[in-house]
Each structure stands twice: as structure tokens, then as C-alpha cells.
Amino acid sequence: MQVSDEADHAALTQALQEAQVALAAERARAQEANERARLTADMLREATVALTRSLDRETVLTTLLEHLRRLVPFDRATVMVLEEASRISVRAVFDGERVKPLLPPERPEFLADEHPVLRRILSTGAPVVIPDTRELPDWTPPIGFADEASWLGVPLFARGSVAGLFSLAKQEMGYFNAEHLRLAETLSSQASVAVENAILFEQMQAASARMQVLSRRLVEVQEDERRTVARELHDEAGQALVSLRFGLQLLERETGGGDGIAARVAELKQTTDAVIDSLHRLAAALRPPSLDMLGLDAALRQYLGSIEGKSGLVVRYKARGLAGERLAPPIETALYRIVQEAVTNVMRHARATCVDVLAARDDGRVLVVIEDDGVGFATASPAGAERLGLVGMRERAQALGGTLTIESAPGSGTTVAVEVRS
Amino acid sequence: MTTRVLIADDHPLLRAGLRRLLAADPDLETVGEAATGAEVLQLTGELHPDIVLLDISMPGENGIATTRALKARFPDVLVLFLTMHEEEGMLQEALRAGGDGYVVKRADEPEILRAIRAVRNGGVYVHATMTRALAQPLPSQNGALAEALTQREIDVLRLLARGNTNRQIAELLNLSIRTVESHRANLMGKLGLASRVELVTYAEEHGLL
């Protein structure tokens, strides 16, 4: 076959040009893809950094949606978390304008069984893409969605199992493609450590809150118990002994005291008195009757008076503003116990010569200061704090929403100050 | 003339013992027994006793609250507390509520009878070992003058009296703790005070609070 050089040349030039154009286009496409991949990688990295910045589950999940939105455009979205007993709670929602965390009590909850599609994602751990929800006969839009056609659900993992899912929706049908799915899954796996940490953190917080409730309850129960036992000792057993004593007095009178009986009855009366005394001491040590019947001031006065007698310490006590209306019973109990604990510490460890207790009420607050001139201790030493029961004192103050301050240093005495709103 | 006595105590055994004890004195007549504060009010209205022998710990309204109500409605009825409580605070509160006497339950028979007689004759009777509670504290001897103090020392004094710790005062006045400690030592020395409670009393008496 004969072809002219010109024609040959022209065709060659054209082919070359076409090839160059195609190459340029190819290169541009590759560059664009590269650029996109780089952007995506950047966004994923940013998302990961943002996700690990917080331990709070709401923040983590909100961050997740915000970053996902930059990678996969959607009209609406929610993040749901699997709770115990196959309940699902909606933790964050994108309502078309912004991502909002949902906190209890507004946080919606429902059973996984009410949504077959969600249940499938949670049980299989595989994502679901629905091109047109209107073609699914049993589709009911989950909370947070309306009539969007395209829907994508991607599971969230934590500690190797499904912990929840996020679901995205778009108005146009058939919107979500394989790339969207891949990005969503990538972000989901990036998020799993953050979600896992957040779940652990949430559980730890719940556990510590439960511990606090339990420890406060324990204090209440113990106080009730002491009150009951003290009352039982003082009133019931004590009264029985007093009746016995009356009986002895009558016996004394009726027998006229002959045959050495008087001496023996007197002895029995003394024994009875000794038992009554020890009952009173025991009851007062458990919980002084004056604390319930008269209030904090009388109870402290009584207690500190008895301490002075038995410890050899000079105890000074002053109350200001406590004469009027009684404080709430839990406040009276807590402050009494704190003083008791602090003064016991002074007796045991401080080698002090005197201790001052000031109780003052004004402007809706009560302040109690216990101060000694003893050897003090290094407040920074946790062993010291542990040993001195300071943890328990602080716990009592905090249970009332109050504060407890301890100031001490070796050689310069100790000041314990507790303040609560009255 | 016999004295009409109402016995108020929630323990039947004790009421019985007391009744037998009082029976030995021909001047005393036990007109009734009450087990609660409400019964005390009701029986006082019906039986017109001269004197109520009243326990403090009773179910419902205790003896002290009952006394307030009783004295408000029957001002002439005398109240002699007969109680297990040997606390001074309880005694003070009982007398403040309008009680005419205070005897502890383990007092010997003659003392109980003596207390009834004393109260009946218009006196106030208080069990011997508890009279210390009636003594008023002596006025304090904090005579030294605040003029000797510098303004800073007065500031520290006022904050100490309000219950602040050294560190809190240091923060409030923008001073070092060491400075606060030395102000504190100086002002206590100048005023001859030994401790915080004395300091509060001083501040109170000199209008510094």
C-alpha cells in the first residue's frame, strides 16, 4: 500500500498530538486523583487527631460527624451507640445545618428490633447502602431522618465488636458510591480507638459516680445505725436499769436495812450506777443525744467538754450565730463528725497543748475551724493524709457541697477549716 | 395540802417504780400517768396536777418541746424534769423551755422528793452535780487595746476571727504566708491572746467583726 509522505506525516503528527493530549489528560487526572488522595489523607489524619483529643463520648461522636461531612457530603446524619439490652441511643445528629450532641434526658433511645436495617448492621458488622429508601417496603426512617432517598449505614467498632453506627442520608437517590463507602469505613476504623476510649471513660465515670453514691449512702446508713443503737442503749437499756435502781431503793426502804442488807443494796445500787454510766458513755460516743435533740452547738460543747476532761488538752470552743434556727440535720451530723475526727487526730498525733474549735454561721454559710498548736505534718505526704482520716473528713464536706481545707507544716500546728452553705 | 403529781414517762416499769416511790410520801398524790407529750397536755387539762414529773426522751414531741406547749397553755403547772440525760446542754435547754427543776433518774429517793418539794415551794431545783452548767462564763479579760496594732495586723486579726486560714489570708491580702504568720504572732503577742478562739472573742468585744 502506497501512502504519501505528507499524508503519512500529517497522520503521525495528529496521532502524536492526540497521544500528547491524552497523556496530559491522563496526567492531570492522576494529579487530581493524587491531590484528592492527599486531601483525603489529610482530612483523615486531622479527624484522627481531633478524635483522640477528647475522652468525652459526645465530643468524640460529634467530631466524627463533623469530619465525615468534609469527606462524604450528606444532608442529614446521626451517630448511634449500642447500649445494654440492645437499646440504641442517638448521641449526635446533623440536622442539615450543624452537628448537635444529644444529652440525656433529650437523648432519644429505641430498641434495635424496631429497625431491621440497623439491627442488621449491628449484628453483622457490615455496612449497608440503600440507593432508594422509597423502594424498601418496610423502611421507616430512623430518628433524625425524614424522606431522604439515599441512605448509608456504617458500623462503629470498639474492642473488636460493634459499638454503634453512623448513618448518613442524601436527598438524591443512588447518591452514595463505593468511594463514599470506603471513606466512611476508613473514618469509622480510625474512630474506633477514640470511641473505645470514650466508652471506657464513660464507664469509669459512671462507676466512680456510683462509688460516690455508695460511699455517701454508707455514711448515712452508719449514722442511722449509730443513732438507733445509741437511743436503744440510752433510752431502753438505760431506763430498765433506772427502774431496777428504783426497785433497789424500795427494797432498801421496805427491809429497813437490817442484817447487813442495807450495805448490800447500796453496793448493788453502785454497780447499777456504774453500768448506767458506761451505757451513757457508750451511747454518747456512738451519737450524742444532744446532737439530735438540741443541735450542733450543744453537742459540740458537750463533746469538747468531755475531751478536755480526759485528754489533758486545753480545749477552747466558741460558737457564733448558732443560737437561732437549727441547721439541717445532715449538716449538723457532718460538722460534728468532722470536729470529732479532727480532735481525735489532735489527741492521737499532734502532741498539742491546746486545741481551738470555732463554729460560726453567717450569710448562709457555716464555718468550722479546728486548730491546734501541735507538731503538725507535711500536708503533701499522702500517707499522712490517709492515716489521719482526712479523706473521710473531706468526703463528708463534699457530700454537702462544701469544702475542707487543711493547713499544716511540721512544727507549726494544724488548721482544719470546713465550710458549707447552710 | 397534798401535792398532785402527774408522772410522764414512756416506760411503764419506770412509771410503776416512781409511783411506788412517791406513795411513801403522804404529802404527794399521783393523779395520773402519761406516756407521750400529747397525753401530758391532755391529762394536765383533765386532772389539774400541781406538778408534772417529766421525762425528756419520749416518742413524738420530746419533754422539752412538751414543756413549751404546757407552759403556754397552763402557766401555773410546775415542771420537774426527771431524766436520763446528764448533759449540761440538755439542762440549759430544759430550763430555757420553762422547766422548774431538773433531776436525773438515778438520784436517790430523798433527792427526788426534795426536788419535788423545792419546786412546789416556788424554787428551782437542779441536780447537784450539774449546777456548774448554770454558772455564767466570767467576762473575758481581753483588755489590751487595739491601738497598739498596725492596720495590717488589724486586717489579719479580722480575717482570722472570720475563720480564714493563714494561706487564705495570704491570698486575700496579697502577702506571703510567712508574713501572715509573723503578723499573727505579733498581734497575739501585743494583745496577750493565746489562740484563735480568744482572738474571735477579742474581735467580737471590740467590734471588729
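(A) Structural detail: the overall build of chain B. Assigned secondary structure in chain B consists of nine helices and six strands. Buried positions account for 40% of the 209 residues belonging to chain B. Taking contacts inside chain B between residues at least 6 apart in sequence as the whole, the part at least 24 apart equals 61%.

(B) Structural detail: the interface of chain B and chain A. Contacts between chain B and chain A engage 32 residues on the former and 37 residues on the latter. The leading source of residues in the side of chain B that touches chain A is helix H1 (residues 12–23) of chain B, at six residues. Grouping the amino acids of the side of chain B that touches chain A by side-chain chemistry returns nine nonpolar, 11 polar and 12 charged.

(C) Expanded view of the packing of helix H2 (residues 37–47) of chain B against helix H3 (residues 63–73) of chain B. Residues and elements named next belong to chain B. Where H2 meets H3, the closest approach of the two axes is 9 Å, and the angle between their N-to-C directions is 20°. Taken together, the axes of H2 and H3 are roughly parallel relative to one another. Between H2 and H3 the crossing geometry is right-handed. Facing Gly-37, Val-40, Leu-41 and Thr-44 of H2, the residues of H3 in contact are Ala-65, Thr-66, Ala-69, Leu-70 and Arg-73.

(D) Structural view of unusual backbone geometry. Cis geometry marks the peptide bond from Pro-104 of chain A to Pro-105 of chain A, where omega comes out at 5°. Structurally, the position occupied by Pro-105 of chain A is in the loop between strand S3 (99–101) and strand S4 (109–111). A positive phi angle is found at Asp-363 of chain A, which is not glycine, with a value near 50°. In this structure, Asp-363 of chain A sits in the loop between strand S9 (354–362) and strand S10 (365–372). Although it is not a glycine, His-48 of chain B sits at a positive phi angle of roughly 45°. Mapped onto the fold, His-48 of chain B is located in the loop between H2 and strand S3 (51–54). Given 13 C-beta atoms within a 10 Å radius, His-48 of chain B is considered partly exposed.

(E) Up close: the pairing of strand S1 (residues 3–8) of chain B. Residue and element names in this part refer to chain B. Sheet topology note: the S1/strand S2 (residues 28–34) ladder contains six bridges and is parallel. Counted as the bridge partner of Val-5 is Thr-30 from S2. Considered for its hand, the β-α-β crossover made up of S1, H1 and S2 is right-handed.

(F) Examining the sheet that holds S2 of chain B more closely. All names here are of chain B. With parallel pairing, six strands are arranged side by side in an open sheet as S2-S1-S3-S4-S5-S6. For this open sheet the edge positions go to S2 and strand S6 (125–126), each flanked by a neighbour on one side alone. Here two bridges tie strand S5 (residues 101–104) to S6, and the two strands are oriented parallel to one another. Bridge pairing links Tyr-102 to Val-126 in S6. Packing of H3 onto the sheet brings it into contact with S3 and strand S4 (78–83), and relative to S3 it is tilted by some 165°. This element, helix H5 (residues 109–120), spans S1, S2, S3, S4, S5 and S6 of the sheet and lies at about 175° to S5.

(G) Broad picture of the packing of helix H4 (residues 178–255) of chain A against H1 of chain B. It is the contact of H4 of chain A with H1 of chain B, at a shortest axis distance of 9 Å, that shows an interaxial angle of 25°. The orientation of H4 of chain A relative to H1 of chain B falls into the category roughly parallel. As H4 of chain A packs across H1 of chain B, the resulting crossing turns out to be left-handed. Mapping the contact onto sequence places Gln-239, Ala-240, Val-242, Ser-243, Phe-246, Gly-247, Gln-249 and Leu-250 of chain A in H4 of chain A and Leu-13, Leu-14, Gly-17, Leu-18, Arg-20 and Leu-21 of chain B in H1 of chain B. Among the residues forming the contact of H4 of chain A with H1 of chain B, the class breakdown is eight nonpolar, five polar and one charged.

(H) Expanded view of helix H1 (residues 5–52) of chain A. In this model, H1 of chain A (48 residues) spans 69 Å end to end at C-alpha, consistent with the 70 Å of a helix rising 1.5 Å per residue. With two of 48 residues buried, H1 of chain A lies mostly on the surface of the structure.

(I) Summary view of the nonpolar core. Among the nonpolar cores identified, the biggest contains 97 residues, and Val-339 and Val-368 of chain A together with Val-52, Leu-53 and Leu-80 of chain B are the most heavily contacted of them. Here this core gets nine residues from one element, more than from any other, and that element is helix H8 (residues 329–350) of chain A. With sequence-adjacent residues up to four places away left out, Val-52 of chain B is seen in contact with Leu-6, Ala-8, Val-40, Thr-44, Leu-70, Val-77 and Val-79 of chain B. Among the nonpolar cores identified, the runner-up in size contains 43 residues, and Val-60, Leu-61, Ala-194 and Ala-198 of chain A belong to it.

(J) Spatial organisation of the environment of Ser-161 of chain A. Checked against the element boundaries, Ser-161 of chain A lands in strand S7 (residues 161–170). For Ser-161 of chain A, a count of 10 C-beta atoms within 10 Å gives the class exposed.

(K) Region of interest: the confidence of the model for chain A. For chain A, mean pLDDT is 86; residues scoring 70 or higher make up 97% of the total. Per-element confidence in chain A is highest for S10 of chain A, whose mean pLDDT is 95, and lowest for helix H9 (residues 382–387) of chain A, whose mean pLDDT is 63.

(L) A look at helix H7 (residues 296–311) of chain A. Across its 16 residues, H7 of chain A extends 22 Å between first and last C-alpha, which sits within 8% of the 22 Å expected from 1.5 Å per residue. Turning to H7 of chain A, the residues buried within the fold contact helix H6 (289–293), strand S8 (314–320), H8 and S9 of chain A together with helix H4 (88–96) of chain B. One or two steps after H7 of chain A, the chain reaches Gly-312 of chain A, where phi turns positive at roughly 80°.

Criteria and cut-off values
- Residues numbered from 1 in each chain as written.
- Chains lettered and ligands numbered in written order.
- Predicted model: local features only at pLDDT ≥ 70, side-chain atom pairs only at ≥ 80, totals over all residues.
- Helix = DSSP H or I, 4+ residues; strand = E, 2+ residues; numbered from the N terminus.
- Buried ≥ 20, exposed ≤ 12 C-beta atoms within 10 Å, placed from the backbone.
- Contact = placed C-beta atoms within 7 Å.
- Nonpolar A, V, L, I, M, F, W, Y, C, P; charged D, E, K, R; others polar.
- Axes fitted to C-alpha atoms, helices over the stretch in contact; angles between N-to-C directions.
- Parallel < 35°, antiparallel > 145°, perpendicular 65-115°, else oblique.
- Left-handed = near helix turned anticlockwise from the far one by under 90°.
- Pairing = 2+ DSSP bridges.
- Right-handed = clockwise from strand over helix to strand, strands pointing away.
- Expected span 1.5 Å × (residues − 1).
- Core = buried A, V, L, I, M, F, W, Y, C linked by C-beta atoms within 7 Å.
- pLDDT = per-residue confidence, 0-100.

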